[in-house]
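# Observations on the three-dimensional arrangement
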Amino acid sequence: MADRVTVIGWDGSPPTEAARAALGAATLVAGAAHHLALPEIPPGAERIRLGSAALAARRIAGHRGTAVVLADGDPGFFGVVRTLRAPEYGLEVEVVPAVSSVAAAFARAGMPWDDARIVVAHGRTLRRAVNVCRAHPKVAVLTSPGAGPAELALLLEGVHRTFVICEALGTDREQVTVLTSDKVADHVWRDPNVVIVVGGSAGGAEPAAAGRSGWLAGHEPNYPPAVRGWALPSAEYTGRDAGTADVRDSAQLRAAQLARLGPRPGDLLWDVGAGSGAVAVEAARFGAAVLAVERDAAACVRMSAAARRFGVQLQVVHGIAPLALEALPEPDVVRVGGGGVRTVAACADRRPERIVTHAVTRDEAEAVGRVLADGGYAVECALLQSLELDTRDWAERERSVVFLLSGSRT
């Protein structure tokens, strides 16, 4: 086992005294090609090209001597330190930090970043990183080959964003480029790079919030919003009293649907037949990216207004399902609020993890259940009955009876 492992962050600055001392005593050095060319590395030290962090950790664990690992930016922030500290390697790690690439990117852009979401994009997480960019107005993306600025922009088609692309930070090849998302795929970008994706609106954020400091990293300065809770009364979204709302706007049905969908950051939720947009807005409040499809143009305007009031981002699609679904990006979860059996079948063909819908009659519930089962989903069905009372005189105000159907992909 290595006597000592020192992880040195590198941001292009000259090595600190602590870093030079560690390098001078090293018998093994691991890093990228530009790290291994540093003149401070002893000529007799073994050099390992750092590709897989796990493979490097095993080599270091079997080394007799003093090991140094060089990594770009802050190695404790989405970096190699987590792998090296894994219990199976038994390594004691000392860290010499540097400015993280994210901090450097925001500094080059002259922007604050305590309110930014930070994601890592590679082959397995690219879709989820894109969905975070859909859902939030400021995101820093740590890219990788095959999951870079061009791929992000292509998957964000239809969503206007501004990209700040920071290439080769800390090197003599450093370059910072600002482009709108529709122009990014026309260029070839060098690795490594950090992409800051900004745009959309903070919705209902107070204008004064722009100059105010926040208290919780990754959230806007006015977080949390003034409204507490979820499955809020329908009138919060519709502007109508409960007696005139349709079944899609029932708070009780909405609560059950959201519980089964489980929307979360990195997900893309389709709300098909979104109606007032109550489900869409509440899913966005959980951090999911949301595409709300609705045939009624006036309803589209109302749900956009509701999103602004609640400070969330929605992509509203005015169209008729299932035709309007054909060009949409692949969903993780789907709620069908209208469109019938044909729409449910079209959604099942896209293979989301979960589909939730409702039916007013038992015959309709059985038909929907068969479509989901034929599509390879495990189906659950429950009859929900709710009764709202006016507590001034305890008179019945609204009664709702509806079948709740959910399908989980098997």
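The structure under discussion appears in the preceding block.
These lines cover the structure that appears in this document, whether it is placed above or below.

Thresholds applied
- Every chain is numbered independently, its residues counted from 1 as its sequence is written.
- Given that this is a predicted model, residues contribute local features only at a pLDDT of at least 70 and side-chain atom pairs are listed and counted only at 80 or more, while totals for whole chains, interfaces and linings are drawn from all residues.
- Values reported for side chains reflect all heavy atoms of the structure, with hydrogen atoms and water molecules removed beforehand.
- Buried and open spaces are told apart on a 1 Å grid over the protein atoms alone, a cavity being a set of points where a 1.4 Å probe fits but cannot get out and a pocket being an open set with protein on both sides within 12 Å along at least five of seven lines. Residues with an atom within 4 Å of a point are the lining residues.
- Grid points are joined across faces, edges and corners, and a volume is the space filled by probe spheres set on the points.
- What counts as a helix is a DSSP run of H or I of at least four residues, what counts as a strand is a run of E of at least two, and both are numbered from the N terminus.
- Here the nonpolar group is Ala, Val, Leu, Ile, Met, Phe, Trp, Tyr, Cys and Pro; Asp, Glu, Lys and Arg are the charged ones; every other residue, Gly included, is treated as polar.
- Every angle, taken between N-to-C directions, lies between 0 and 180 degrees, and every axis is a line fitted to C-alpha atoms, over only the stretch in contact when it is a helix.
- We call two directions roughly parallel when the angle between them is under 35 degrees, roughly antiparallel when it is over 145, roughly perpendicular when it lies between 65 and 115, and oblique otherwise.
- By definition, turning the near helix anticlockwise from the far helix through less than a right angle yields a left-handed crossing, and turning it clockwise yields a right-handed one.
- Contacts between residues were defined by any pair of non-hydrogen atoms, one from each residue, lying within 4.5 Å.
- Working definition: a ring pair exists when centres of Phe, Tyr or Trp rings (six-membered ring for Trp) sit within 6.5 Å. Plane angles under 30 degrees give stacked, over 60 give edge-to-face, the rest tilted.
- Here, the term disulfide refers to a pair of cysteine sulfur atoms separated by no more than 2.5 Å.
- A pair of strands is treated as paired once DSSP finds two or more bridges between them.
- Basic side-chain nitrogens of Lys or Arg form a salt bridge, by our definition, when they fall within 4 Å of a carboxyl oxygen of Asp or Glu.
- Here the expected length of a helix is defined as 1.5 Å per residue gap, with one fewer gap than residues.
- To sort residues, take the accessible area from a 1.4 Å probe on protein chains only and compare it with the maximum for the residue type: under 20% means buried, over 50% means exposed, and anything in between is partly exposed.
- Comment: arc refers to directions from the helix axis out to C-beta atoms.
- Under the rule applied, a polar contact is a pair of N or O atoms within 3.5 Å (in protein, one hydrogen donor and one hydrogen acceptor; residues adjacent in sequence only if both atoms are side-chain atoms).

### Structural notes on empty space enclosed by the protein
Under the criterion given, the structure shown has 1 cavity of 30 Å³ or more. Ser250, Gln252, Ser386, Glu388, Glu398 and Ser400 together form the lining of the largest cavity. For the lining of the largest cavity, the elements supplying multiple residues, two or more each, are β16 (377–390) and β17 (395–409). Each residue belonging to the lining of the largest cavity can be placed in one class, and the counts come to no nonpolar, 4 polar and 2 charged.

### With respect to the packing of helix α10 (residues 251–261) against helix α11 (residues 278–285)
Two elements in contact, α10 and α11, have axes separated by 11 Å at closest approach and are oriented at 45°. Our classification of the angle between α10 and α11 gives oblique. Classified by chirality, the crossing of α11 by α10 is right-handed. Of the residues in α11, those touching α10 at Arg254, Gln257 and Leu258 are Ala278, Val279, Glu282 and Ala283. Partitioning the contact of α10 with α11 into residue classes produces 4 nonpolar, 1 polar and 2 charged.

### Thoughts on the packing of aromatic side chains
Here a ring pair, both rings aromatic, is described through the centre-centre distance and the interplanar angle of the planes. Enumeration over the complete set of coordinates arrives at 4 aromatic pairs. Ring centres 6.0 Å apart and planes at 10° place the aromatic pair Phe106 and Trp113 in the stacked group. Seen in terms of ring centroids, Trp230 and Phe286 are 5.5 Å apart; in terms of plane orientation they differ by 70°. Their pairing is edge-to-face. Of this pair, Trp230 sits in the loop between β10 (193–198) and α9 (235–238) while Phe286 sits in the loop between α11 and β12 (289–294), and the two are 56 residues apart along the sequence.

### Remarks on the state of the cysteines
Linking two cysteines covalently via their sulfur atoms produces the bond known as a disulfide. Under the criterion given, the structure shown has 0 disulfides. No disulfide involves Cys166; its sulfur sits 14 Å from the nearest other cysteine sulfur, which is in Cys133.

### Quick notes on the sheet that holds strand β5 (residues 93–96)
Working definition: the strands of a sheet are paired by backbone hydrogen bonds and lie parallel or antiparallel to each other. What the 5 strands build is an open sheet, ordered β3-β2-β4-β1-β5; its pairing is parallel. The open sheet is flanked by β3 (46–49) and β5, the only strands paired with a single partner. When strand polarity is set aside, the average angle formed by the axes of neighbouring strands in this sheet is 20°. Here 4 bridges tie strand β2 (residues 28–31) to β3, and the two strands are oriented parallel to one another. Considered in β3, the bridge of Ala30 is made with Ile48.

### Things to note about the pattern of salt bridges
A full pass over the atoms with the stated rule returns 14 salt bridges. The shortest N-O distance in the salt bridge between Glu388 and Arg397 comes to 3.6 Å. Each of Arg128, Arg264 and Asp267 takes part in a single network of salt bridges with overlapping partners.

### Topic: the sheet that holds β16
Strand order in the open sheet made by the 7 strands is β13-β12-β11-β14-β15-β17-β16, with mixed pairing throughout. The open sheet has two edge strands, β13 (315–318) and β16, and neither has a second partner. Neighbour to neighbour, the strand axes of the sheet diverge by 20° on average, direction disregarded. Where strand β15 (residues 354–359) lies against β17, 6 bridges are found, and the strand directions are antiparallel. When the sheet's bridge partners are listed, Thr357 is paired in β17 with Leu405. Of the strands in this sheet, β11 (268–272), β12 and β14 (333–336) touch α11, which is tilted by about 175° from β12. This element, helix α12 (residues 297–310), spans β12 and β13 of the sheet and lies at about 175° to β13.

### Digging into helix α14 (residues 362–374)
Relative to the 18 Å expected for 13 residues at 1.5 Å per residue, α14 spans 18 Å between its end C-alpha atoms, a close match to the ideal helical length. Of all the residues in α14, the buried ones are Ala365, Val368, Gly369, Val371 and Leu372. Down the axis of α14, the buried set is contained in an arc of 160°. They therefore lie on one face. Away from its buried face by more than 90 degrees, α14 exposes Asp363, Arg370 and Asp374. Packed against the buried residues of α14 are α13 (340–349), β15, β16 and β17. Looking one or two places after α14, you find Gly376, whose phi comes out positive at around 90°.

### A short note on the layout of surface pockets
Volume-wise, the largest pocket comes out at about 1,400 Å³. In terms of lining residues, the largest pocket is bounded by 46 residues, among which Ala71, Asp72, Phe78, Gly79 and Pro192 are the most central. Listed by contribution, the elements that provide at least two residues to the lining of the largest pocket are α2 (33–36), β4 (66–72), α4 (81–84), α5 (101–109) and β10. In terms of residue class, the lining of the largest pocket is made up of 22 nonpolar, 16 polar and 8 charged.

### A look at the environment of Ser52
For Ser52, the position within the fold is in the loop between β3 and α3 (53–61). Exposure remark for Ser52: the relative accessible area of 35% places this residue in the partly exposed category. Between the C-alpha atoms of Ser52 and Val176, which are 124 residues apart in sequence, the distance is 28 Å. Here Leu55 takes part through its backbone nitrogen, which lies 3.2 Å from a polar atom of the side chain of Ser52.

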